[in-house]
Amino acid sequence: MSDLVVERSALPQVAPARKPRGGRRTLTAYLFLAPFLLLFVVFVVVPAVYGIWISLHAWNPLLPVKPFIGLTNYLQLFTPGSLTSGDFWQSMGATAIFTVASVPFLVAVPLLLAVLLNQRLAGGSVFRAVFFAPYVLGVAVIGVMWRYLLDPQNGAVNAVLSFFGVQADIPWTVDVPWAWISLVGVTVWWISGFNTVILLAGLKGINAELYDAAAVDGAGAWRKFLSVTLPGLRPVMAFVTTTTILGSANMFGQSFLLTQGGPGTETRTVIMYIANLGLSQNQMGAASAMSYVLFLFLALISIVNFRLQSRRGD
Amino acid sequence: MKNGLVRRLTAAGVALAVGTALAACSGGTAASTGGDVKAGGYDGPKVTVTFWNGFTGGAGPQVLKKLVSEFNSSHKNIAISSVPMEWDDIAAKMPLAVKAGRGPDVTVVHGSDVATYAAQGLLLKADAIAKTLKMDESDFPSGLYENGSYQDAQYGLPWSVTPLGLYINKDVLKKAGLDEDTVPTTEAEYDEALAALRAKGVQGEWVDPYFFTGVMEFQSLLWQYGGELYNDDVSKATYNSDAGVKALNVMLDRIKQGDSPAKVAQDGDINALIAGKTAFNWNGIWQTSNTALQSKNWTAAAVPQIGTEKAVWSSSTDWAFVNNKGQDSNKTQAAGVFVQWMNEHSLAWAETGELPATNSVREDSSLVSKYPNLKPFLAELDYAHFETSAPGIPSADALLNTAVNEAILQKKSPQQALDDAAKKADLQLQQNKQQYGY
């Protein structure tokens with residue numbers, strides 16, 4: 001105990017004068033970063049490197065022998081007619097369809113809602129809460145709930161439609177294109193509230209004087225939106241677009257619960273396929289290889305996305 | 001001084017991380033072939049035996065609870081701790097838990113998983129305990145006991161069987177002017193009933209494109225037409241035969257003739273039967289304990305013979321002793337006593353809507369008098385086909401589910417769907433053989 005006290009009081013006198021202040025500062029910064037760095041190394045860097053190693057093997061975690069097979073797992077993905085290539089690229093395609101179909105809505109709908117909520121209207125905070133509410137539910141909850149609601153034969157949605165005289169045997173969860181419409185619709189309903197709140201915060205940050213100035217220059221509502229609102233939202237939009245694209249590209253739960261990947265495997269996303277292959281079928285090697293190919297695609301898309309956003313920013 | 005410490009700590013951290021990675025790379029300990037469960041009783045110190053099972057629905061939990069507490073109170077030095085969880089969760093959690101030494105001591109698994117688990121070194125050989133129980137293949141429906149073996153050793157001891165049957169909503173038959181007590185047993189009778197229902201605007205049998213129950217019906221029909229899922233050594237898929245195409249066409253015709261909607265949701269078939277929208281449903285014996293069904297005027301029967309021979313799909317469950325890392329042999333020994341006791345008391349299991357696997361228990365006349373709904377399923381066991389047993393087979397089976405889904409939803413022709421699945425299944429089986437070395 002006393003040793004510690006002595007040492008601590010002695011430290012500033014012994015060390016300070018000799019060491020340049022910059023070095024101390026760097027050390028302090030590193031010490032503050034250390035806890036996160038440790039977590040980062042243990043849970044991100046090590047698994048990422050280890051995953052590359054796994055992907056070079058026929059890796060069944062339950063078997064004692066895990067033969068090294070070089071790049072076979074990767075080559076299989078690019079060999080038509082192999083066990084994994086057809087399913088992998090089809091699931092990549094499904095993920096692409098979902099991402100392309102969902103991201104525009106997941107950005108445009110929240111933008112519209114945010115602009116509306118940004119008006120001084122009575123009960124604004126109530127609406128904000130209403131739109132945000134679905135987001136607090138887990139994917140398991142919304143998946144099971146909508147599976148009941150969208151059931152082609154016994155679901156409430158078709159029942160309501162038939163009440164209004166619309167053809168009422170729409171296979172919302174069973175067949176395409178309806179399955180895609182359901183998946184996108186449910187996701188938009190689920191996630192929009194979150195994006196709305198972020199965009200709303202961005203809108204609040206735009207200087208009101210800019211609108212006044214625009215009004216003096218004779219700008220109408222549309223012109224103000226294009227010339228003041230959108231440029232003002234740029235950094236926030238970059239964040240929302242990027243996280244939404246990555247979120248959509250990682251879609252798993254909605255397909256798993258609503259459509260079970262069907263019809264056939266048409267709505268089976270790549271994450272769903274990789275998870276099944278690696279965790280249920282214990283083919284960790286092939287699944288790891290697929291993860292890296294997916295990672296390359298997502299990295300590429302993110303780079304392009306950032307480039308576009310920053311160029312606009314200039 | 002401090003910088004040095006940081007550097008050393010960093011170095012130590014990196015070394016630790018690399019070490020962990022390398023240790024994991026070396027693949028850990030070899031999967032032992034699994035020791036034996038010794039025969040005889042247990043008279044060691046008091047132990048708690050962990051028992052994982054998937055009996056979470058219907059009457060299962062209550063019946064199991066009663067049996068376990070009865071066992072616990074009559075065995076002073078053994079306490080069974082039953083851990084019910086979803087079947088899928090067991091399949092997902094057990095392998096890695098066993099490798100980490102944290103799995104159960106004894107479990108009930110699906111018959112189709114036994115060979116895979118055995119090949120993965122997760123199970124102990126149960127030959128000795130089977131001998132004590134005087135169990136052999138003659139005690140069970142044909143083919144069942146063999147399904148629990150792998151490479152000449154017995155790993156699974158059959159516990160229950162769950163065949164498909166024909167469920168009938170009698171009120172729907174009556175409304176269509178049919179005799180509610182006449183059960184169709186042949187293709188002609190079944191077609192006649194469907195036609196009569198059609199004439200009254202009733203869709204007679206809803207065809208479901210999912211594993212529950214479309215794939216089960218497909219497999220029943222495949223066998224009825226003399227087809228097989230795989231060849232004898234499970235190296236090739238054979239369901240893309242004429243028999244397979246015929247089976248799918250029978251199901252598709254139900255849709256084309258107006259006996260079923262085209263895009264039925266999962267469980268839409270049994271829900272329609274309960275709601276009185278349809279008269280027939282091919283469904284598993286577990287539906288006999290479906291509470292929603294009990295308020296209806298229903299009956300169950302053997303599935304009709306549509307093809308050239310009698311055949312029906314059935315699933316099964318098996319007892320298995322678990323080869324945990326560092327497994328306590330006392331616990332395994334005590335688990336053996338538990339399994340033996342459960343087998344002697346398996347008549348009570350019928351209350352769950354599953355048939356006890358042991359012939360003598362099913363032949364006990366009190367079974368039918370106590371559970372009359374199960375009666376039609378008993379005769380089916382003479383010609384029931386059980387799921388294929390081979391390491392890694394679930395991966396291949398899943399491909400058939402996709403094919404049936406694609407064909408019933410008319411995304412592909414029956415031949416095309418089955419050919420595509422069989423081609424992929426052959427590659428999968430080849431990989432299984434290579435990986436598991438069977």
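Residues numbered from 1 in each chain as written. Chains lettered and ligands numbered in written order. Predicted model: local features only at pLDDT ≥ 70, side-chain atom pairs only at ≥ 80, totals over all residues.

1. A closer look at the overall build of chain B
Part 1 of the argument: Along chain B, the regular secondary structure elements total 18 helices and 11 strands.
Part 2 of the argument: Taking 438 residues into account, the globule formula puts the C-alpha radius of gyration at 22 Å, and chain B, at 24 Å, falls close to it.
Part 3 of the argument: Along the first, second and third principal axes, the C-alpha set of chain B runs to 90 × 55 × 45 Å.
Part 4 of the argument: Evaluated residue by residue, chain B yields a buried proportion of 49% over its 438 residues. (Helix = DSSP H or I, 4+ residues; strand = E, 2+ residues; numbered from the N terminus. Rg over C-alpha atoms; globule rule 2.2 N^0.38 Å. Buried ≥ 20, exposed ≤ 12 C-beta atoms within 10 Å, placed from the backbone.)

2. Some points on the overall build of chain A
Part 1 of the argument: Each helix and strand counted, chain A has 13 helices and zero strands in total.
Part 2 of the argument: Each helix (α) and strand (β) of chain A, taken in turn from the N terminus, gives the series α-α-α-α-α-α-α-α-α-α-α-α-α.
Part 3 of the argument: A globule of 314 residues ought to have a C-alpha radius of gyration of about 20 Å, yet chain A, at 26 Å, is considerably larger.
Part 4 of the argument: Seen through its principal axes, chain A has C-alpha atoms that stretch 85 × 75 × 45 Å.
Part 5 of the argument: In chain A, buried positions account for 31% of the 314 residues.
Part 6 of the argument: Taking the contacts inside chain A whose residues are at least 6 apart along the sequence as the reference set, 65% of them involve residues at least 24 apart. (Contact = placed C-beta atoms within 7 Å.)

3. With respect to the interface of chain B and chain A
Part 1 of the argument: Every contact between the two is made by 32 residues of chain B and, on the other side, 32 residues of chain A.
Part 2 of the argument: Elements with a contribution of two residues or more to the side of chain B that touches chain A: helix 1 (2–25), helix 3 (87–99), helix 11 (268–274), helix 17 (393–408) and helix 18 (414–436) of chain B.
Part 3 of the argument: Here the side of chain B that touches chain A gets seven residues from one element, more than from any other, and that element is helix 1 of chain B.
Part 4 of the argument: Looking at the side of chain B that touches chain A residue by residue, the class counts come to 14 nonpolar, 12 polar and six charged. (Nonpolar A, V, L, I, M, F, W, Y, C, P; charged D, E, K, R; others polar.)

4. A word on the domain arrangement of chain A
Residue and element names in this part refer to chain A.
Part 1 of the argument: As far as domains go, chain A holds domain 1 (15–55) and domain 2 (84–313).
Part 2 of the argument: Computed over C-alpha atoms only, the centres of domain 1 and domain 2 are separated by 35 Å.
Part 3 of the argument: The interface of domain 1 with domain 2 comprises four residues on the first partner and six residues on the second.
Part 4 of the argument: Broken down by class, the residue content of the side of domain 1 that touches domain 2 amounts to two nonpolar, two polar and no charged. (Domains from an automatic or database assignment.)

5. Focus: the confidence of the model for chain A
Part 1 of the argument: Residues with a pLDDT of 70 or more make up 92% of chain A, whose mean pLDDT is 89.
Part 2 of the argument: Counting interchain partners and residues more than four positions distant, the pLDDT-below-50 stretch residues 1–17 of chain A has zero contacts. (pLDDT = per-residue confidence, 0-100.)

6. Some points on the domain arrangement of chain B
Residues and elements named next belong to chain B.
Part 1 of the argument: Looking at the assigned domains, one finds that chain B contains domain 1 (47–162 + 315–385) and domain 2 (163–314 + 389–436).
Part 2 of the argument: Domain 1 and domain 2 are separated by 27 Å when their C-alpha centres are compared.
Part 3 of the argument: Each side of the interface is counted separately: domain 1 has 27 residues, and domain 2 has 23 residues.
Part 4 of the argument: Only helix 4 (114–119), strand 6 (157–169), strand 9 (312–321), helix 16 (375–380) and strand 11 (384–386) provide two or more residues apiece to the side of domain 1 that touches domain 2.
Part 5 of the argument: Here the residues of the side of domain 1 that touches domain 2 are counted per class, giving 13 nonpolar, 12 polar and two charged.

7. Things to note about the confidence of the model for chain B
All names here are of chain B.
Part 1 of the argument: In the predicted model, chain B carries a mean pLDDT of 89, and 91% of its residues have values of at least 70.
Part 2 of the argument: Here helix 1 stands out as the element of chain B with the lowest mean pLDDT, 42, in contrast to helix 10 (residues 242–256), whose mean of 98 is the highest.
Part 3 of the argument: Here residues 1–33 scores under 50 on pLDDT; set against residues more than four positions off or in separate chains, the count is 22 contacts.
Part 4 of the argument: Scoring of the predicted complex yields 0.87 for pTM and 0.85 for ipTM.

8. Notes on the nonpolar core
Part 1 of the argument: The biggest cluster of nonpolar side chains holds 119 residues, and the ones touching the most others in it are Val106, Leu123, Ala320, Phe321 and Phe338 of chain B.
Part 2 of the argument: Among the elements that take part in this core, helix 17 of chain B stands out by supplying eight residues, more than any other.
Part 3 of the argument: Both of domain 1 (47–162 + 315–385) and domain 2 (163–314 + 389–436) of chain B provide at least three residues apiece to this core.
Part 4 of the argument: Core analysis: the next-biggest nonpolar cluster, separate from the first, contains 32 residues, Leu106, Trp190, Ile271 and Ile274 of chain A among them. (Core = buried A, V, L, I, M, F, W, Y, C linked by C-beta atoms within 7 Å.)

9. A short note on the environment of Gly143 of chain B
Part 1 of the argument: Tracing the backbone shows Gly143 of chain B in the loop between helix 5 (127–132) and helix 6 (144–147).
Part 2 of the argument: The exposure class assigned to Gly143 of chain B is partly exposed, which follows from the 15 C-beta atoms found within 10 Å.

10. Quick word on the packing of helix 9 (residues 208–216) of chain A against helix 10 (residues 221–249) of chain A
All names here are of chain A.
Part 1 of the argument: Contact geometry of helix 9 with helix 10 gives a least axis separation of 10 Å together with a crossing angle of 135 degrees. Comparing the axis directions of helix 9 and helix 10 gives the class oblique. As for the relative orientation of helix 9 and helix 10, their crossing is right-handed in sense. On the side of helix 9, the interface is formed by Leu210, Tyr211 and Ala214, while helix 10 contributes Arg223, Lys224, Ser227 and Val228.
Part 2 of the argument: Of the residues that constitute the contact of helix 9 with helix 10, the class distribution is four nonpolar, one polar and two charged. (Axes fitted to C-alpha atoms, helices over the stretch in contact; angles between N-to-C directions. Parallel < 35°, antiparallel > 145°, perpendicular 65-115°, else oblique. Left-handed = near helix turned anticlockwise from the far one by under 90°.)

11. A word on the pairing of strand 1 (residues 47–53) of chain B
Residue and element names in this part refer to chain B.
Part 1 of the argument: As defined by bridge partners, strand 1 adjoins strand 2 (residues 78–84) across seven bridges and the pair is classed as parallel. Of the residues in strand 2, the one forming a bridge with Val49 is Ile80.
Part 2 of the argument: What joins strand 1 to strand 2 is helix 2 (residues 60–74), and the crossover it makes is right-handed.
Part 3 of the argument: Both strand 1 and strand 3 (residues 106–110) contribute to a ladder of two bridges, which runs parallel. Note on strand 3: the bridge partner recorded for Trp52 is Thr107. (Pairing = 2+ DSSP bridges. Right-handed = clockwise from strand over helix to strand, strands pointing away.)

12. Overview of helix 18 of chain B
Residues and elements named next belong to chain B.
Part 1 of the argument: Here helix 18 contains 23 residues, and its C-alpha end-to-end distance of 31 Å stays within 8% of the 33 Å for a straight helix at 1.5 Å per residue.
Part 2 of the argument: For helix 18, the full list of buried residues reads Pro414, Ala417, Leu418, Ala421, Ala422, Lys424, Ala425, Gln428, Leu429 and Asn432.
Part 3 of the argument: The inward-facing, buried residues of helix 18 abut helix 10 and helix 17.
Part 4 of the argument: Following helix 18 by one or two positions, Gly437 has its phi on the positive side, about 60 degrees. (Expected span 1.5 Å × (residues − 1).)

13. Examining unusual backbone geometry
Part 1 of the argument: Put simply, Val176 of chain A and Pro177 of chain A share a cis peptide bond, and its omega is 0 degrees.
Part 2 of the argument: Here Pro177 of chain A is to be found in the loop between helix 7 (156–163) and helix 8 (178–204).
Part 3 of the argument: If you check the backbone angles, Gln151 of chain B has positive phi at about 50 degrees while not being a glycine.
Part 4 of the argument: With respect to the element layout, Gln151 of chain B can be found in the loop between strand 4 (149–150) and strand 5 (153–154).
Part 5 of the argument: Despite not being glycine, Asp152 of chain B shows a phi value in the positive range, around 65 degrees.
Part 6 of the argument: Considering the arrangement of structural elements, one finds Asp152 of chain B in the loop between strand 4 and strand 5.
Part 7 of the argument: Residue classification places Asp152 of chain B among the exposed positions, given that 7 C-beta atoms sit within 10 Å.

14. A closer look at helix 8 of chain A
Part 1 of the argument: The terminal C-alpha atoms of helix 8 of chain A, which comprises 27 residues, lie 38 Å apart, in line with the 39 Å expected from a rise of 1.5 Å per residue.
Part 2 of the argument: In helix 8 of chain A, a bend of some 40 degrees at Ile191 of chain A exceeds every other bend along the element. (Bend = angle between axes of the 7 residues up to and from the residue.)

15. Some words on the packing of helix 4 (residues 85–118) of chain A against helix 10 of chain A
Residue and element names in this part refer to chain A.
Part 1 of the argument: Close contact between helix 4 and helix 10 brings their axes to 10 Å; oriented N to C, the two are set at 145 degrees. Crossing hand, helix 4 versus helix 10: right-handed. Residues Thr95, Phe98, Thr99, Ser102, Val103, Leu106, Val107 and Val115 of helix 4 form the contact with helix 10, whose own contacting residues are Thr229, Val240, Thr241, Thr244, Ile245, Ser248 and Ala249.
Part 2 of the argument: For the contact of helix 4 with helix 10, the per-class residue count stands at eight nonpolar, seven polar and no charged.

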